[in-house]
Structures are given as C-alpha cells and as structure tokens.
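Here is what each chain is made of, one letter per residue.
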Amino acid sequence: YCWNYSTCDERNLKSCFQVTAFCQENEHNYEAPNMQNKKCGKATWTVIFEDSVDKDALHSLKPLQSPPPPPSFKVVQRKQRIVCLILDVSGSMEGSRILQQQQAATHFLRNIIEDQARVGIVALSTFASTLSPLTTIDSDTARENLIKSLPKVASGLTKMCLGLSQGLQILREDSGDAFGYEIIFLTDGEATDNIAGCAPSAIQSGAIIHTLAFSDSASHAQTEMLESVGARTSDWFNGTVSVDQTVGNKTSFVIIYEISFPSVYIQSPSGSVYTQTNMSHDVSQKTVTLNIPGTTEPGDWKYSIQTTILQALTLTVTSQAAQADVPPITVKTHMNQQFSDGTKPMIVFAEVSQSYRPVINADVWATLESETPYIHYACWTMEDPSFTGADAFQDDGIYFRYFIKMVNGRSSLKVRVVSLISILVQLNHPKPPVFEEPLDVGNFTRTDIGESFEVKLSGTAPPNFPPNRITDLSAVIQEDTVLLNWTAPGEDLDQGTAKSYEIRWSFDLKMLRFNFSNGYSVNTTAVSPQKARSVEQHSFNLNITIQNGTTLFFAVQSEDKQNAKSETSNIAQASKILPGPKPSGISNPDMNLTGLVISLCVVTMLICFIVVFAVKHRKLSAQSDMALIVTNECQNNLYA
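Throughout, residues of each chain are indexed from 1 in the direction in which the sequence is written. Whole-chain, interface and lining totals are the exception, using all residues; otherwise, since this is a predicted model, local features are given only for residues with pLDDT of at least 70 and side-chain atom pairs are given and counted only at 80 or more. Side-chain descriptors were evaluated using all non-hydrogen atoms of the structure, hydrogens and water having been removed beforehand.

As recorded in an unreviewed UniProt entry, the protein goes by Chloride channel accessory 1 and comes from Cyprinus carpio.

As structure tokens, this is what we get:
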C-alpha cells in the first residue's frame, strides 16, 4: 500500500489534511525522502491506475458530479458471543471425514469456545436439522452435552443452502437478527445445490461465516493455539512447546491417533511427568487429552509420544489468557492469492502482535501441507527486518516470504511462531515518538492454520523468478567516499543468493529511475553477493571530486545465474556538506575560552593581593605614627 507525502510535512502529519487530490506523474516530488518514494518510486495516481488489482475497472469510472457525503462512524462493543456450528453429514463425509469432523468439533467445544458464549448445532445433508438449540457455556457439563449431540453417521445429499438457512434461524433465536453472530461451517465443500443462490441473503444478514474443511481450527477467540504438529511414524514423536506468561489458563494437550492408542509422556518445565494415568481417553474419537489444572507453569513443556505401528499422530496445545487484563500474543496469517498457475509467486504473510503491538525478532516457520495428511512439501523461516530486512516496514511485526516451489493440488497454510526478543511499542505521529520498555514474556510458541489454496501448473517448466527488488538502499558521503547499505536479495526472489550487483549513480534522480542503464557505473567486481536477507555494505570513491553541497543519487539492480535482473531498487540520495568557515581571529574557540577564563582568574588574584598588601601597609604606617607620638610625649614630660 502506498500513499503520498509529497505535500506533507512528515514531522507533523496534521498538514496532510490539506491534501485534496492524488499527485500525478508530472506533479510528484521524486526527491522527497518519504515512504512513497522508497517503496513505490512513483506517483500515487500511477500506483492506483497502473498497479492496482482493479486497474482495468478503474479506467472506466467517471468522476463524481458532486462531493461524496461525509463519512459516519459507529462505536460498537462486542456482545455475548453467539455461534452456530453447521456440520456436513452428507454421504461424501463418510469414513475418516466424519471422524475428523467429530474430532474438530469436540476440540472446539471442549477447549476453544470461551465461557458464557452460546452455541447451537445444525446438521445438513438432504435435509437440515437442529441437533442443539443455543446453549450457554456455563459449565463443563454444558460442553459435554453439546459434544454428545454431535453427529456420528454420514449419508444423503449436501444441501448447503438448507443448512445455512437453518443456522441463521438458530442465531436469530437470541435477539431476532444474526448481525455480528458467527456461523462455523464444517464441510467437504461438495455441494449438491446452488450455494451461490443463497449466499447473498446470508451476507445481508450480517453474520460472520467461517467455512472450514474437515479438522481445521475454528476460531481464536480468547484461546491461542500454542502448537499443532503431526507426523506419520512407527517410533517416537518428540517436541517442545513454550508456554509464556501471557497464557496458561485452561491449557490442554490433545493427541489424535489414527489406529491404536500410543504411549504419551508430557514433562513440565520443573520436571513433573504426566502419563496416560493423568489423561482422558476417548476411544470412539481416538483422542487423548491432558488438561492442566490452574495456571500452567511457564517455560518449555516437552512431549514424547511412542507408537509401535505405523500411524498418523497429531498434537494440539491450546491455552487461554493468564490474566483478563493482559491480552495474549497472537498470530494471524494470510496469503496473497488462493489460486496459482505457477507464473506468479505466492506470498505468505504472518502478523505477530500483542493487543495491536508488534512482536519483533520472532522466528516464523511457514509450512504448506498438501491434501494428503501429514505430507509437508515446503518449509522455510520468515524473519523480521529488525535484523534481516526481509519485511516491507521495519519493526511492524508483519513477516512475509515468497513461495515459489509449487506442486499441483490443494494445500493449506500453517504458520508456527517461536521465540521472542522484544515487543516494540511505538505511537505514530503527530505525537512525538514514544517507546516503552520491551515486554519480556519469555519464549513462546504460536501456531495458526491459515487459508487453503489451489495450484494448477501447466505442463511447461515453472518460470525463473528474478531476485526481489531492493527497497532499503541507503547512502552516505564521507569526504569523497560513498558508503552504501542494503539487504541482500536472493537468486529467486528472496531465496538463495544472487549472482551479482549493478550499482549506478547520477546527479539526476528521474534519469536514474527511468533510465537506470544511463547512470554512471560503479565498479562492483569486489562485491560478492551474500545469502538473501543478509546485510550488504559497499564503499567506493567516485572518479570525480565531490563539491560541497552536491547531492548524488544511487540505485542497485541484482542479477541471478540465468541473467534475470531485478527491478531497480529504491533511489538513495546523499549530500556532501562541509562545515562552514571559522570566524577570523579565532583559530580554536575552545582554547581561547579557556585562556580567557585563566586570564580573568590571574587578574582577580593580583587585585586581591594588591588590596591585601595595601591594607597591611596602611596598618603598619598608622602604628609607626602612634609610636612616634608616644615617644615625644614622654620626652616632654621628662624635661618638665
């Protein structure tokens, strides 16, 4: 997203309210050292009409004949949470799918949905039926009663519109409408009716609809998923999950097995070991659950699960906020597209925050799982720019990576966040920047199940992606030496290592931006590109004498082994400013000031010495005169 500060004072954003139109190319100030130029390098008007996903439709729009009405805002507060589960029990859900649905719904009702919420359950197939009206979650008994009403048999058609209509009817039982209430739709998506025909009315109802496939998690609410991992093994399945100080209430470890009951060992940070004797076992749903009483001990919890036969195992750890007034750390995920033919890279985003405060310097792992359970075909680490420069905006807590190795089929995204260095709090302008002390909550783990996406590759080989564009190039001139800094791109976008760099400079910013190859070239034979997201530095002397007050502009392109070049980087500018001439007669102001002080001290001491000497001399003279008078008086008396 780009904006225009060309007519704004960045130190006081109040002046931005004077802007009445977006700048076009002939009006844009390319030399302004703002985020618009650094990230976009073009006018806002150009970004909207040439780079927007709606660029084709925008060209057909006509200007408004009159000013738009003023916006209106409504401040709302969330009411009691009202949720309706709509469960697909059609014939296509037979076998493992209906079991997975039971496991997911049970986990939601037992561990996810918060106290005092109200939950209803609807089953859909050829017909739609209410399995449970809205029920208040006020005890463990209420949760278990809802779990007992879950369907166990699948048959019939998939009439999604009937199920959706029945779910909305359940929600309206609370207050007469469904606005702001939630529907969680668990289905395989194979509808036998026209879902597009009933979707508009559902949207107009104002209900929030979550559509989930099989056992994906339903909602975060006040509960955070600390860990969700799986493996297919005939041996040990081991790992560690970190519980931080922001969570710890109602912590549960849920193990789901495929065939036979495994041996489970869970160890607390202080060394206490929990085994099957401390856990509940649901044979029908093939789940083992450990509920930690009270507030969970913070630290690293270790789990070891052993099976002697080859089977699939999953472990999910959830926990709620330790204190009502301290929100837990959360992670939200997003992908830039839900379909790909392989010609464009897919981008994974992960936002890590605590009550809207960015969490920086976390280690973020993104795993893309194919439809085949427990098969991971891509994994990498995404890191924040506070030390790697991989992000678009430094210290905003939003991490991203490109996903370029794709295979055919539908997959889902899972993001795992571990470790913590600090949480940065910064208030935006126009107020002065305010920083609070970093909040140390210890190590933590968060897992989020993101969106699903589909890849359909053509028969040809996937395209070669060039290195990603450098967006953080900076320049400094010291004497006649130029120092450049930037974050290394990769061989393919932000992965791998680029082959070479091309650095150019110019006195003219626009020329360098629009005709990069016409700029003056810098010798880069001594520059060996480092691995993607590393910090790069290069210093050099130009073949000219840089005059005082001169401003120069610099840009970089990178190239991969297939000679594919990246886009031109942001334009960095630097000026040579020498200190002004010193006033005549004063060669060193500091030395002259010191001499002046010493001189004043010496003069003061001389004056004091003279005054003291004069006073003493006057006293001696007075005493001599008195002695002479007494002597004369004595002599006169003697003669008499």
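Now, onward.
Caption draft 1: Molecular detail of the sheet that holds strand β28 (residues 520-522). Note on pairing: DSSP must find at least two bridges between two strands before they are called paired. Elements are defined by DSSP. Helices are runs of H or I of four residues or more, strands are runs of E of two residues or more, and each kind is numbered from the N terminus. On the basis of which strands lie adjacent, the open sheet formed by four strands has the order β28-β27-β30-β31 and antiparallel pairing. Each of the sheet's edge strands pairs with one partner strand only, and the pair in question is β28 and β31 (572-575). This sheet shows a mean twist of 30 degrees between the axes of neighbouring strands, independent of strand direction. By the bridge criterion, four bridges tie strand β30 (residues 551-559) to β31 in an arrangement that is antiparallel. Note that in β31 the partner of L552 across the bridge is A574. The angle between two axes is taken between their N-to-C directions and runs from 0 to 180 degrees, where each axis is a line fitted to C-alpha atoms and a helix contributes only its stretch in contact.

Caption draft 2: Here's a closer look at unusual backbone geometry. In this model, K250 sits at a positive phi of 50 degrees, which is unusual for a non-glycine residue. Tracing the chain through its elements places K250 in strand β8 (residues 247-257). Non-glycine residue E479 carries a positive phi angle of around 60 degrees. Along the chain, E479 turns up in the loop between β25 (474-478) and β26 (481-487).

Caption draft 3: Region of interest: the side chain of T246. Relative to the helices and strands, T246 resides in the loop between β7 (236-243) and β8. Within 3.5 Å is the distance limit for a polar contact, defined as a pair of N or O atoms, with the added protein rule that one can donate a hydrogen and the other accept it, and that residues adjacent in sequence qualify only through two side-chain atoms. Looking at T246, its side chain comes within polar contact range of the side chain of R446, at 3.3 Å.

Caption draft 4: Up close: the environment of E351. Its location among the elements puts E351 in strand β17 (residues 346-354). Residue contacts follow a heavy-atom distance rule, with two residues in contact if any of their heavy atoms lie within 4.5 Å. The residues touching E351, leaving out its near neighbours within four places in the chain, are T330, V331, K332, G397 and I398.

Caption draft 5: Representation of the pairing of strand β27 (residues 500-506) within the structure. Taking burial as the measure, the seven residues of β27 include six buried ones, the bulk of the element. Strand direction decides the pairing type here: β27 and β30, joined by seven bridges, are antiparallel. Counted as the bridge partner of W505 is F554 from β30. Pairing geometry for β27 and β28, over three bridges, is antiparallel. Note on β28: the bridge partner recorded for R504 is S521. Relative accessibility under 20% of the residue-type maximum defines a buried residue, over 50% an exposed one, and the middle range a partly exposed one, all with a 1.4 Å probe and only protein chains included.

Caption draft 6: Here's a closer look at the pattern of salt bridges. One speaks of a salt bridge when a side-chain nitrogen belonging to Lys or Arg is within 4 Å of a carboxyl oxygen belonging to Asp or Glu. Using the criterion set out here, one finds 13 salt bridges in the structure. Among the salt bridges present, the one from E144 reaches R110, with a minimum N-O distance of 3.0 Å. Of this pair, E144 sits in helix α5 (residues 140-148) while R110 is found in helix α4 (residues 96-112), placing the two residues 34 residues apart along the sequence. A salt bridge links E491 to K561; its shortest N-O distance comes to 3.7 Å. One end of the pair, E491, is in the loop between β26 and β27; the other, K561, is in the loop between β30 and β31, and 70 residues separate them in sequence. Through salt bridges with shared partners, a single network forms among R81, E114 and E182.

Caption draft 7: Expanded view of a nonpolar patch on the surface. Patch definition: residues with relative accessible area over 30% and no salt bridge; like charges joined within 9 Å; nonpolar side chains (Val, Leu, Ile, Met, Phe, Trp, Tyr) joined within 5 Å. Shrake-Rupley sampling with a 1.4 Å probe provides the accessible areas, and residues are treated as covered by the protein chains on show and by no other component. Nonpolar side chains collect at one region of the surface, where W236, Y265 and V273 lie side by side and expose about 290 Å² of accessible area between them. Summarising the element assignment, Y265 is placed in strand β9 (residues 263-267).

Caption draft 8: Up close: the packing of α4 against α5. Across the interface, α4 lies against α5 with an axial gap of 9 Å and an inter-helix angle of 170 degrees. Comparing their axes, α5 and α4 come out roughly antiparallel. For the pair formed by α4 and α5, the contact residues are T106, L109 and R110 on the first element and R143, E144, L146 and I147 on the second. Its residues assigned to classes, the contact of α4 with α5 shows three nonpolar, one polar and three charged. In these notes the angle categories are as follows: under 35 degrees is roughly parallel, over 145 is roughly antiparallel, 65 to 115 is roughly perpendicular, and the rest is oblique. Throughout this entry, Asp, Glu, Lys and Arg are counted as charged residues, while Ala, Val, Leu, Ile, Met, Phe, Trp, Tyr, Cys and Pro are counted as nonpolar. The remaining residues, Gly among them, count as polar.

Caption draft 9: Representation of the sheet that holds β25 in the model. Sheet architecture is open: three strands sit in the order β25-β26-β29, paired in antiparallel fashion. Of all strands in the sheet, those bounded by a partner on one side alone are β25 and β29 (535-541). In this sheet, neighbouring strand axes are inclined to one another by 20 degrees on average, regardless of whether the strands run parallel or antiparallel. With seven bridges joining them, β26 and β29 adopt antiparallel strand pairing. Note that in β29 the partner of T481 across the bridge is N541.

Caption draft 10: Region of interest: α4. Between the first and last residue of a helix there are one fewer steps than residues, each counted as 1.5 Å, and that sum is the expected span. When the terminal C-alpha atoms of α4 are compared, their 22 Å separation across 17 residues agrees well with the 24 Å that a helix rising 1.5 Å per residue should span. Among the 17 residues in α4, twelve count as buried, and that is most of the element.

Caption draft 11: Fine view of the packing of helix α6 (residues 160-175) against helix α7 (residues 195-204). Between α6 and α7, the least distance of the axes is 9 Å, while the angle of their chain directions is 15 degrees. What the angle tells us is that α6 and α7 run roughly parallel. Judged by the twist between their axes, the crossing of α6 over α7 is left-handed. Residues M160, C161, L164 and L168 of α6 pack against I195, C198 and A202 of α7. Handedness of a crossing is defined here by the sense of rotation of the near helix relative to the far one, left-handed for an anticlockwise turn of less than a right angle and right-handed for a clockwise turn.

Caption draft 12: Broad picture of helix α2 (residues 44-51). Restricting attention to buried positions, one finds in α2 the residues T44, T46, V47 and F49. Each element contacted by the buried residues of α2 is listed here: α1 (35-39) and α3 (55-58).

Caption draft 13: View of the pairing of β9. Only one face of β9 is buried: it carries V264 and I266, and the other face, with S263, Y265 and Q267, is open. Bridging between β9 and strand β13 (residues 299-306) involves five bridges; their strand directions are antiparallel. Bridging across to β13, Y265 finds its partner in S304. Across two bridges, the pairing between β9 and strand β10 (residues 273-274) is antiparallel. Bridge assignment links I266 to a residue of β10, and that residue is Y274. Counting the residues between successive antiparallel strands, the hairpin from β9 to β10 contains five residues, one of them, G271, with a positive phi of roughly 105 degrees.

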